[in-house]
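# Structural characterization, general
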Amino acid sequence: MHRMPIVVGNWKMNKSPREAVDFVGELVGRVRDFDSVEKAVAPTSLALPGVSRTLQGTQLLVAAQNAHWEAAGAFTGQVSADMLRGLAQFVILGHSEARAYLAETDANVNRKAKAVLAAGMQPIIAVGESLAQNEAGETIDFVRGQVSAALDGISADDMARVVIAYEPIWAIGTGKSATSEQADSTIGAALRDTLRELYDDNIADNTRIQYGGSVKPGNMAEFMAQPNIDGALVGGASLNVHDFAALVEIAATVKGS
Ligand code: PEP
C-alpha cells in the first residue's frame, strides 16, 4: 500500500490576487523536483482564477478554502462547488475556523463533500477536537463522530478522492503542535478505525490523512515519520516561499518512495 503524501498550504484570508500569483510563480520552480509529493496552495476565492492560470500544466495544484453545496442561488457571500470546476483540484471543507466563525456543521460538511465530489474535485475534510474536549478525554469519540457525519452516504468508490485532515483546534495557529505520536495514534484510532468500520480495510489503509496544526520546517520531519500521517495541511508556514518549499522537500525526503 502506498499513499502519496500531500502537502497543502491554507492561506486563509491572506494574499491579494496579485501577491498570490507572484508567490506561486516563485514557489512552483522550487517544488518542481519533488514529484513523489502532491502539493497544493489554497488562496482566497478571488485569487483562484489567476493562480490556476499561472499553475496550468504544472504539478503545483490548487485548493479552494470552502464551497457551497448548491450550484447557485440566494446564498450571499458563498461560492458553489460547481463554480470552482476548472479552478481547483481540491476543496478544504469543515476547517475549524469555518466551524467556529461561519457556523459550519457536520451536516453541511457532508452536503459540501458530495457537491465537491460531484463537481469532479477532491474534498479535504478537516476534523479535530477543542482543547476542552482533548483534556476531557473526548478526542476519539468526537473525531469519530465528525468523520462519520462528514462521510455519510459517500460511496466506497468516491472515497479514493477524499482526503482527511486531522487538525486539533488547540494546535492551529497557536505554535503548539500535537506531538507526532499523539497525532499518529489519534489518526489511527479515531480515523483509520472509523474508516474500517464504515467501509473496509482497503479504504482504511488507502485514504490519505494529513496532520495540521502549527506544522513548520522544524517539526515536519517528525510528523512525516509517523506511519499514519500522509502529509500536512499548513497555515502560517505556507505563507512563506522558503518554508513551503522546505515542507515539500521534507515530505519527499521522509515519505518519498
Ligand atoms: C490550518 O489553517 O489548517 C493550520 C493548520 O494552521 P497553522 O499551520 O497556522 O496552525
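Everything in this summary refers to the structure shown in the same document. The structure presented is a predicted model; accordingly, all values stated were derived computationally and were not measured. (Residues numbered from 1 in each chain as written. Predicted model: local features only at pLDDT ≥ 70, side-chain atom pairs only at ≥ 80, totals over all residues. Heavy atoms only, no water.)

## Details of the packing of helix α1 (residues 17-31) against helix α11 (residues 241-255)
- One way to put it is that α1 packs onto α11 with a least axis distance of 10 Å and a crossing angle of 30°. The angle between α1 and α11 places the two elements in the roughly parallel class. Judged by the sense of rotation from one axis to the other, the crossing of α1 with α11 is right-handed. Taken together, the residues of α11 that come into contact with α1 (itself represented by Phe23, Glu26, Leu27, Arg30 and Val31) are Val241, His242, Phe244, Ala245 and Val248.
- For the contact of α1 with α11, the per-class residue count stands at seven nonpolar, one polar and two charged. (Axes fitted to C-alpha atoms, helices over the stretch in contact; angles between N-to-C directions. Helix = DSSP H or I, 4+ residues; strand = E, 2+ residues; numbered from the N terminus. Parallel < 35°, antiparallel > 145°, perpendicular 65-115°, else oblique. Left-handed = near helix turned anticlockwise from the far one by under 90°. Contact = heavy atoms within 4.5 Å. Nonpolar A, V, L, I, M, F, W, Y, C, P; charged D, E, K, R; others polar.)

## A word on unusual backbone geometry
- With phi around 75°, Lys15 is a residue other than glycine that occupies positive phi space.
- Along the chain, the position of Lys15 falls in the loop between β1 (6-10) and α1.
- Within the chain, Ser214 stands out as a residue other than glycine whose phi angle is a positive 55°.
- Looking at the secondary structure, you find Ser214 in the loop between β7 (208-212) and α10 (217-224).

## Here's the deal with the environment of Gly73
- Relative to the elements of secondary structure, Gly73 occurs in the loop between β3 (60-64) and α3 (81-84).
- With a relative accessible area of 60%, Gly73 lands in the exposed category.
- Along the backbone, Gly73 and Gln56 are 17 residues apart, and their C-alpha atoms lie at a distance of 29 Å. (Buried < 20%, exposed > 50% of the residue type's maximum accessible area, 1.4 Å probe, protein only.)

## Thoughts on the site of the ligand
- If you check the shell around the ligand, you find 14 residues, and the closest are Lys12, Glu167, Gly173, Ser214 and Gly235.
- Side-chain polar atom of Glu167 to an oxygen atom of the ligand: 2.6 Å apart, as the coordinates give it.
- The contact in question runs from an oxygen atom of the ligand to an N or O atom on the backbone of Gly235, over 2.8 Å.
- Protein chains shield 96% of the accessible area of the ligand, which is 290 Å² for the free molecule.
- Here the residues of the shell around the ligand are counted per class, giving four nonpolar, eight polar and two charged. (Near = heavy atom within 4 Å. Polar contact = N/O pair within 3.5 Å; in protein donor to acceptor, adjacent residues only side chain to side chain. Areas by Shrake-Rupley, 256 points an atom, 1.4 Å probe, with all protein chains shown as cover.)

## Description of empty space enclosed by the protein
- Evaluation of the coordinates by the stated rule reveals one cavity of 30 Å³ or more.
- By volume, the largest cavity is sized at about 50 Å³.
- Only α4 (96-101) and β5 (122-127) provide two or more residues apiece to the lining of the largest cavity. (1 Å grid on protein atoms, 1.4 Å probe; cavity = no way out; pocket = protein on both sides within 12 Å on 5 of 7 lines; lining within 4 Å. Points joined across faces, edges and corners; volume = space filled by probe spheres on them.)

## Description of the nonpolar core
- In terms of nonpolar packing, the biggest core is built from 72 residues, with Leu151 and Leu191 touching the most fellow members.
- For this core, the element with the highest residue contribution is α11, accounting for eight residues.
- Among residues more than four places away in sequence, those in contact with Leu151 are Asn110, Ile125, Met159, Val162, Ile164, Leu195, Leu198 and Tyr199.
- Formed by 13 residues, the second largest nonpolar core is a distinct cluster that contains Ile6, Ala40, Ala63 and Ala126. (Core = buried A, V, L, I, M, F, W, Y, C linked by side-chain atoms within 4.5 Å.)

## Focus: the sheet that holds strand β2 (residues 38-42)
- Strand order in the closed barrel formed by eight strands is β1-β2-β3-β4-β5-β6-β7-β8, with parallel pairing between adjacent strands. Taken over all neighbouring pairs, the strand axes of this sheet differ in orientation by 25° on average, direction set aside.
- As judged from the four bridges shared by strand β6 (residues 163-166) and β7, these two strands associate in the parallel manner. Bridged to Tyr166 within β7 is Tyr211.
- Packed onto the sheet, helix α5 (residues 106-118) meets β4 (90-93) and β5 and runs at close to 160° relative to β5. (Pairing = 2+ DSSP bridges.)

## Here we look at the side chain of Glu104
- Within the secondary structure, Glu104 sits in the loop between α4 and α5.
- A distance of 2.7 Å separates polar atoms of two side chains, one belonging to Glu104 and the other to Lys112.
- Not counting the four nearest positions on each side in its chain, Glu104 is found in contact with Asn66, Gly94, Ala98, Arg99, Val109 and Lys112.

## Comments concerning the side chain of Arg3
- Among the secondary structure elements, Arg3 is positioned in the segment before β1.
- Of the residues examined, Arg3 reaches a relative accessible area of 12% and is grouped as buried.
- Of the polar contacts made by the side chain of Arg3, one reaches the backbone oxygen of Asp205; its length is 2.7 Å.

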